[in-house]
Amino acid sequence: MSQISRRKLITTGLAATAGVSGLAVAAKLAGRFGLIPPDAGVLYGAGETLTYAAQRLLTRHSLAREFAPSQVSKVPFANAVAPPSPEFQRLQQGAFADWRLAVDGMAARPASFSLAEIKGFPTRTEITMIQCEEGWSYIAEWKGVPLSHILDLVGAAPQVRYVVYRSIQTDWWESIDMADALHPQTLVTHGMNGDELPVPFGGPLRLRVPRQLGYKSVKYITRLTLTDSLKGFGKGLGSAAPEGGYAWYAGI
Amino acid sequence: MRILRRRRPRIQCPTGTPWYILQMADSLVGQTFVATAADTTLPPRHSAVVRVTHWLITLSFLALLLTGVEILISHPRFYWGETGNAGTRPLFTVPIPASRGTVPTGYGYVLPDQNGWSRYLHFQSAWLAVFTGLLYLSYGFFKGHFRRNLVPARSDLSARGLLSVIAGHLRFKPPSEQEAWSYNVLQRLTYLLVVFVLFPFVIWTGLAMSPAVVSAIPALVNVLGGQQSARTLHLFASGFLVLFLLVHVLMVWFAGFRNRVRAMITGRPATPMERA
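Residues numbered from 1 in each chain as written. Chains lettered and ligands numbered in written order. Predicted model: local features only at pLDDT ≥ 70, side-chain atom pairs only at ≥ 80, totals over all residues.

Draft legend 1. Spotlight on the overall build of chain A. Within chain A, the secondary structure is distributed over 7 helices and 10 strands. With the principal axes as the frame, chain A shows a C-alpha extent of 85 × 40 × 30 Å. Burial status across chain A gives 42% buried among its 252 residues. Of the contacts made within chain A by residues no fewer than 6 positions apart, 66% connect residues no fewer than 24 positions apart. (Helix = DSSP H or I, 4+ residues; strand = E, 2+ residues; numbered from the N terminus. Buried ≥ 20, exposed ≤ 12 C-beta atoms within 10 Å, placed from the backbone. Contact = placed C-beta atoms within 7 Å.)

As C-alpha cells, this is what we get:
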C-alpha cells in the first residue's frame, strides 16, 4: 500500500511540475507571439485568451467572406449612436470639408489628412457582412482606403503592435493588432453601396474591420495612434469595450 | 489496484446479500469472488473520468444556457439565410421583451443589458465544455466506455425490444435494482445522440457565427445556408439539449434521485442494506 502511494506521489508530483512549467513556457511563448489579448486580466480573461490565441493561429491571413452584389442587403440597419456632439454638427454643416484624420504615435512621418486627401488615396471596394454582437446583421458594399496604405504613408515603426483608433464621440475608442491593421480588408471607409458613407452608418469615416463584430468598426474616426503597448490607453485593457464589460477581441 | 484486490482476504458473504451483487462481483472481477455489498474494491458504477467530466459539463452547460439566454434577449428575432435585422422580416420571434431599445418586440419596456459579461462567460464556458468533451471522448474511445456502456446490443435494437422498453417507461415502471448498473437501450441511444450529434452540432453552429473562424473555414457557415441560419440552428440545437436535460433530470428523479446522484458523485449507488 505504502509503496503504491509513494510511486503515485512521485508520478503525480512529476506530472504536476511538468504541467505547471509547460503552462509557464506556453504563456511566455504566447506573449512573444502576440497571443495574449490586453484584457486577459479581466474576470473571464482566461477564456478570452484561449479564443484570441486560437483564432490568431487560425486566421492571421484569412479573408472575411465576400458576397455577390445581389446579396447586398436592401435594408441595412444603422444601430443607435449617442447624439452627435456640437463639434460633429459643426463639421456636418460644412459637408465634412474640415474633417481630418490625424495619425500619430510610433510613425516616422506623423500626419493629418483631410477627407479629400483620403478620398484621393487608392481605394478598395468589398462586399462584406457586418454583424452586431446583439445578433443581427447586414451585407453592404464598402469603399475605402486600406489601413495598411495609411500606415505605409506615415512610416509605421517596425515595433508597432497595435493601432488605436478614436471616434469624434470621445467615449468610443478601439484598437486592433497588426494582423487586423495590416489586413487587406481593413478599410478606412468613406463609401457605402455606391455612395458616400451615410452618417447613421458612420460617415464621413468609419474603420471597417470585417473579421470582427460591428462594435470594432468604430464610426466617425478622427485619430489613429500607432503603439507597441496598450498600457497607457484608458485603463490599459485595450479599448473602451472591455471598460464597458465587452471583450477587446471580437472575432467572437 | 489489481494487486491490492488479490491480497485481500475473502470476505464471507452476510446472509441476505442480494444475488445480483454477487453475480456482479463475479462478472467484474472475473473469478469467483465473494464480497459484501459495501465492498469498495468493486469497480464503480461510473468511472472517475465519467464522473468528473459529467459535472464539468453540467457546470459549463448551465453557464452556457444562462448566458445564451441573456445574449438571445438582446435580439429575440430569428432569421434564415445570411442576414437579418430589425428592418427585415424574421422567420420567427421569441415572444419576450428585448434588452435593446432598437428591437421591435411589442413590449413597452427594455430589459437590462447583460451582454458584456454574458458573452465573456459564454465563450469561456464553451472552452471548458470543449476541453471536457475532448477528455471524455478520448477516454470513451480508448478505454472502451462507448463500446461497453453506450453502444446498444444488436438484440436490443429489435422493434420488440425497443417497444418493451418504451412501454415500460410509459407505464412509469420503476427500474429494477439490476438496471442501476447498466443503461437500457433508450438511454444508450439518447446518450449517443447527445454526445455525437447534439453537442458537436451546437459547437459547429456556434463557430459558424464567428466572422473570424468562418474567414478561415467558410464552409462551416456556407453549408448551413448562412450566418443567420447558423444562429437559428444554434438556438434549435440548444433547445434539444435543454429538452434532454429536463428529461434526464426527470428520469433520475423517477429512478431515485439521491441514489443516482450519489452514484455519479462517489461512483457507487447505495446498496439496499445501506439504505435500510
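Next, the rest of the story.
Draft legend 2. Quick peek at the interface of chain A and chain B. Tallying the contact residues gives 38 residues for chain A and 32 residues for chain B. If you list the elements that add at least two residues to the side of chain A that touches chain B, you get α2 (45-59), β3 (124-131) and β4 (137-146) of chain A. In terms of residue count, α2 of chain A provides more of the side of chain A that touches chain B than any other element does, 8 residues in total. Classifying every residue of the side of chain A that touches chain B gives 18 nonpolar, 15 polar and 5 charged. (Nonpolar A, V, L, I, M, F, W, Y, C, P; charged D, E, K, R; others polar.)

Draft legend 3. Just the nonpolar core, in detail. Counting residues in hydrophobic clusters, the biggest one holds 73 residues, and the most contacted among them are L101, L147, V163, Y165, V188, L207 and I221 of chain A. Per-element accounting of this core gives the leading share, 6 residues, to helix α4 (residues 115-142) of chain B. Apart from the residues within four sequence positions on either side, L147 of chain A is in contact with V163, A181, T186, L187, V188 and L207 of chain A. (Core = buried A, V, L, I, M, F, W, Y, C linked by C-beta atoms within 7 Å.)

Draft legend 4. Representation of the environment of H61 of chain A. Summarising the element assignment, H61 of chain A is placed in the loop between α2 and α3 (86-93). Residues H61 of chain A and A179 of chain A, 118 residues apart in the sequence, show an inter-C-alpha distance of 7.3 Å.

Draft legend 5. Spatial organisation of the sheet that holds strand β6 (residues 173-177) of chain A. Residues and elements named next belong to chain A. Here 5 strands make up an open sheet; going across it, the order is β2-β1-β10-β5-β6 and the pairing mixed. Strands at the two margins of the open sheet, each flanked by one partner only, are β2 (111-114) and β6. Each strand of the sheet is rotated relative to its neighbour by a mean of 20°, with strand direction disregarded. Here strand β1 (residues 100-105) runs beside strand β10 (residues 221-227); their pairing, made up of 4 bridges, is parallel. In the strand pairing of β10, A102 is matched with R223. (Pairing = 2+ DSSP bridges. Axes fitted to C-alpha atoms, helices over the stretch in contact; angles between N-to-C directions.)

Draft legend 6. Looking closely at the pairing of strand β7 (residues 187-192) of chain A. Residue and element names in this part refer to chain A. The element β7 is largely enclosed, with a buried count of 5 among its 6 residues. With 5 bridges connecting them, β4 and β7 associate as antiparallel partners. When the sheet's bridge partners are listed, V145 is paired in β7 with V188. Of the pairings in the sheet, the one linking β7 to strand β9 (residues 206-208) comprises 3 bridges and is antiparallel in character. Considered in β9, the bridge of L187 is made with R208. Pairing geometry for β7 and strand β8 (residues 195-196), over 2 bridges, is antiparallel. The residue of β8 that forms the bridge with G191 is E196. Hairpin remark: β7 followed by β8, antiparallel, with 2 residues in the connecting loop; positive phi at N193, about 50°.

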